[in-house]
Amino acid sequence: MAQVISAIQEKGGVGKSTLLCALAARLAKDGAKVVIVDTDPQKTCLKWAEKDKCGVDAVEQLNDELLTKTVKHLKGSYDVVMIDTAGYKSAMAVYTVMRSDIIFIPCKAAEPDAKGALRTWQHVQAISESADIYPQTYVVLSDFDKGTSISEGIRDALATQGLITLKTPLWHRTGFKEMHTHGTLPPGSATAAINEFVAELQLAGALEFYREPKKEAVNG
Ligand SMILES: Nc1ncnc2c1ncn2[C@@H]1O[C@H](COP(=O)(O)OP(=O)(O)O)[C@@H](O)[C@H]1O
Ligand SMILES: [Mg+2]
């Protein structure tokens, strides 16, 4: 059964679609069957996947009432089903939370993003508690520069408020922009950045695809 991974943030432009496309490309490169359900009318993930350079599938679903059915259907045929959402509070975001095993809340190094991350975190907690489901939820520092006072300030503010933040940011790299133009894996130094990010998730055992037992026979 597929693992469902989504990106939610009520503020737009924080790196949701970039994170999902980069992670999808990396998983596909490692042999995973990945599909992205794009629920955002901007269709960033859909347009990236249609360039068809990474073997990642994408479907559009703009009807919130059909999201659950779409995801359930896709889970049977893929290793990973991703859900990308638009940057506002919506019924679609609620249905997404209820369907997800992992939720990423991206946050750039700016105060409005951190405020949006906090509100989104609280929204996810409220939905989780009322539905009695507990998806792994992580804030992802996105488009971060190393060692600047604003980036360290945002990291500290998120920690003070009790939000669980992945240690490895998706560093600010031009390759994360170029990947949208070309439909590829993040090129150049962005490749190392997504690899570093995935390594933390692997170490935490968060990604089921990497936990599955290998099919090769074990010599005894
Ligand atoms: N790590 C990064 N490095 C450089 N640019 C980034 C990074 N993450 C996101 N961006 C850029 O930020 C902008 C918004 O990202 P996007 O993924 O479309 O956000 P959202 O889906 O939350 O609206 C895009 O131009 C994207 O290329
Ligand atoms: Mg987007």
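Along each chain, residue indices are assigned from 1 in the same order as the chain's sequence is written. Working convention: letters from A go to chains and numbers from 1 go to ligands, in the order in which they are written. pLDDT decides what is reported in this predicted model: residues at 70 or higher carry local features, side-chain atom pairs at 80 or more are listed and counted, and totals for whole chains, interfaces and linings draw on all residues regardless. With hydrogens and water excluded, all non-hydrogen atoms of the structure serve as input to the side-chain values.

Colleague: Would you mind going over the overall build of the chain in detail, with residue names and values included?
Modeller: Strands here are runs of E lasting at least two residues and helices are runs of H or I lasting at least four, both read from the DSSP assignment and numbered beginning at the N terminus. Helix and strand counts for the chain come out as 9 helices and 7 strands. The atom set for the radius of gyration is the C-alpha atoms, and the globule formula is 2.2 Å times the number of residues raised to the power 0.38. Taking 220 residues into account, the globule formula puts the C-alpha radius of gyration at 17 Å, and the chain, at 17 Å, falls close to it. For the chain, the spread of C-alpha atoms along the principal axes amounts to about 50 × 40 × 40 Å. Categorising residues by exposure relies on relative accessible area from a 1.4 Å probe, with only protein chains included: less than 20% of the type maximum marks a residue as buried, more than 50% marks it as exposed, and the intermediate range marks it as partly exposed. By the burial criterion, 48% of the 220 residues in the chain qualify as buried. In short, Shrake-Rupley with a 1.4 Å probe defines the accessible areas, and a residue's cover is counted only from the protein chains shown. For the chain, the computed accessible surface area is about 10,400 Å², with 52% contributed by carbon and sulfur atoms.

Colleague: Explain the site of ligand 1 residue by residue, including any values.
Modeller: Near is defined per residue: the residue qualifies when any heavy atom it owns lies within 4 Å of the molecule or strand. Lining the immediate environment of ligand 1, one finds 15 residues, of which Gly-13, Lys-16, Ser-17, Thr-18 and Lys-108 sit closest. Pairing of N or O atoms within 3.5 Å defines a polar contact, subject to two protein rules: one partner must be a possible hydrogen donor and the other a possible acceptor, and residues neighboring in sequence count only if both atoms are side-chain atoms. Residue Gly-15 places a main-chain N or O atom 2.9 Å away from an oxygen atom belonging to ligand 1. Separating a nitrogen atom of ligand 1 from a backbone N or O atom of Trp-171 is a distance of 3.0 Å. Mapped onto the shell around ligand 1, the elements with two or more residues apiece are helix H1 (16–29), strand S7 (170–171) and helix H7 (175–182). Element by element, the count of residues in the shell around ligand 1 is highest for H1, at 3 residues.

Colleague: An account of the environment of Thr-181 is requested, with residue identities and associated values reported.
Modeller: One can find Thr-181 in helix H7. Each C-alpha atom of the pair Thr-181 and Lys-51 lies 8.8 Å from the other, and the pair is 130 residues apart in sequence.

Colleague: How would you sum up the packing of helix H4 (residues 91–99) against helix H5 (residues 111–131)? Please name residues and give values.
Modeller: Helix axes are fitted to C-alpha atoms over the stretch in contact, other axes to C-alpha atoms as well, and angles between N-to-C directions run from 0 to 180 degrees. Viewed as axis vectors pointing N to C, H4 and H5 meet at an angle of 60 degrees, and their least axial separation amounts to 10 Å. The angle between H4 and H5 falls in the class oblique. Crossing geometry of H4 relative to H5 is assigned as right-handed. Contacts between H4 and H5 involve Val-94, Val-97 and Met-98 from the former and His-123, Val-124, Ile-127, Ser-128 and Ala-131 from the latter. Side-chain classes follow a simple rule in which Ala, Val, Leu, Ile, Met, Phe, Trp, Tyr, Cys and Pro form the nonpolar group, Asp, Glu, Lys and Arg form the charged group, and the remainder, Gly included, forms the polar group. Its residues assigned to classes, the contact of H4 with H5 comprises 6 nonpolar, 2 polar and no charged. Should an angle lie under 35 degrees it is considered roughly parallel, over 145 roughly antiparallel, and from 65 to 115 roughly perpendicular; all remaining angles are considered oblique. Each crossing gets its hand from how the near helix is turned against the far one by less than a right angle, where anticlockwise is left-handed and clockwise is right-handed. Two residues qualify as a contact provided that any one of their heavy atoms is within 4.5 Å of a heavy atom in the partner residue.

Colleague: Summarise the pattern of salt bridges; cite the residues concerned and give the values.
Modeller: In what follows, salt bridge is the name for a side-chain nitrogen of Lys or Arg lying within 4 Å of a carboxyl oxygen of Asp or Glu. In this structure the tally under the stated criterion is 7 salt bridges. For Glu-60, the salt bridge identified is with Lys-43, shortest N-O distance 3.6 Å. Residue Glu-60 is located in strand S3 (residues 57–60), and its partner Lys-43 is located in the loop between strand S2 (34–38) and helix H2 (44–50); the two are separated by 17 residues in the primary sequence. A salt bridge links Glu-152 to Arg-155; the shortest N-O distance between them is 3.7 Å. Of the two residues, Glu-152 and Arg-155 are both situated in helix H6 (residues 149–160); the distance of 3 residues between them amounts to about one turn of the helix. Judged by relative accessible area, Glu-152 falls into the partly exposed class, the value being 33%.

Function cannot be inferred from these measures alone, as they are strictly geometric.
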